[in-house]
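# Summary of structural features
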Amino acid sequence: MINILVIVANCAHARLFTLKQSEMPEIEPRSRLDELDDLINPKGQLEGKELWDNSKSGRNRSGSSAHGYDDHRCKHEEEITRRFAVEIFYVIKQLPDKMKVVLVAGAQMLPHLRKQSSKHPDMDIEELHKDLIKLSAEDIHGHLASAGL
């Protein structure tokens, strides 16, 4: 049974870990993180011309002068991130009940994960506000330990 689930995420990538206690504490006293799943947000990885027809926002040439406008790209990017947070929580809900969840995410992703977590009051959730997605499982474990999580 999973006791602690650690989700390390940013807008394009999420890694789910379980915290495993050492089976032989006399040889290996520390617990470790085992990677359970790896989720990719394809649209979260796209930039510029890959995602939009025009690579720059706010410019329109018509006639002799340039006009600025807002094409609301930020709202679209927020929606892409929100949908990815929903997908992450869908995967979490498929796992066994009665677990503690630790959310580790940066400034762009954490608010979306927090909003999704508020829809699941049955989960015991803690947060760490850091973008650790590129670190190894051992380094992530070290950051969690130093934060008291």
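What you see as residue numbers is a count from 1 along each chain, following the sequence as written. With pLDDT at 70 or above as the cut-off, local features in this predicted model cover only qualifying residues; side-chain atom pairs require 80 or more to be listed or tallied, and sums for whole chains, interfaces and linings still use all residues. Excluding hydrogens and water, the side-chain values take into account all heavy atoms of the structure.

## Some thoughts on the nonpolar core
Joining through side-chain atoms within 4.5 Å is the link that ties buried Ala, Val, Leu, Ile, Met, Phe, Trp, Tyr and Cys residues into a set, and such a set is a nonpolar core. Per-residue accessibility, obtained with a 1.4 Å probe over protein chains only, is compared with the maximum for each type, and a residue is labelled buried under 20%, exposed over 50%, and partly exposed between these values. Of all hydrophobic cores here, the largest spans 21 residues; its most connected members are Ile7, Ile88, Ile92, Met109 and Leu113. Note on conventions: DSSP H or I runs of at least 4 residues are helices, E runs of at least 2 residues are strands, and numbering of each starts at the N terminus. Elements supplying a minimum of two residues to this core: strand E1 (4–9), strand E2 (13–20), helix H2 (73–93), strand E6 (100–105) and helix H3 (110–118). Ranked by the residues each element gives to this core, the list is headed by H2, at six residues. Note on contacts: a residue pair qualifies if any of its non-hydrogen atoms lie within 4.5 Å across the two residues. If near-sequence neighbours (up to four positions away) are discounted, Ile88 is found in contact with Ile7, Ala9, Ala14, Leu39, Met109 and Leu113. Residues Val6, Leu33, Val102 and Leu132 belong to the second largest nonpolar core, which totals 11 residues.

## Quick look at the pattern of salt bridges
Salt bridges, as used here, are contacts in which a Lys or Arg side-chain nitrogen is within 4 Å of a carboxyl oxygen on Asp or Glu. Tallied over the full model, the rule gives seven salt bridges. Note that Arg32 is salt-bridged to Asp34, the shortest N-O span being 3.1 Å. Overall, the relative accessible area of 23% leaves Asp34 in the partly exposed class. One salt bridge in this structure joins Arg114 and Glu127, with 2.8 Å as the shortest N-O distance. Remark: Glu127 occurs in strand E7 (residues 124–129) and Arg114 occurs in helix H3; sequence separation between them is 13 residues. Each of the salt bridges in this network shares a partner with another, and the network as a whole consists of Glu79, Arg82 and Arg83.

## Some thoughts on helix H4 (residues 137–146)
By the burial criterion, the buried members of H4 are Ile140, His141 and Leu144. Buried residues in H4, looked at end-on, bunch into an arc of 100°, giving them a common side. Those residues of H4 that are exposed and angled more than 90 degrees off the buried face are Glu138, Ala145 and Ser146. The inward-facing, buried residues of H4 contact E1, E2, strand E3 (32–40), E6 and E7. Once H4 finishes, Gly148 follows within two positions and takes phi at roughly 80°, a positive value. By arc we mean the arc of the directions from the helix axis to the C-beta atoms, nothing more.

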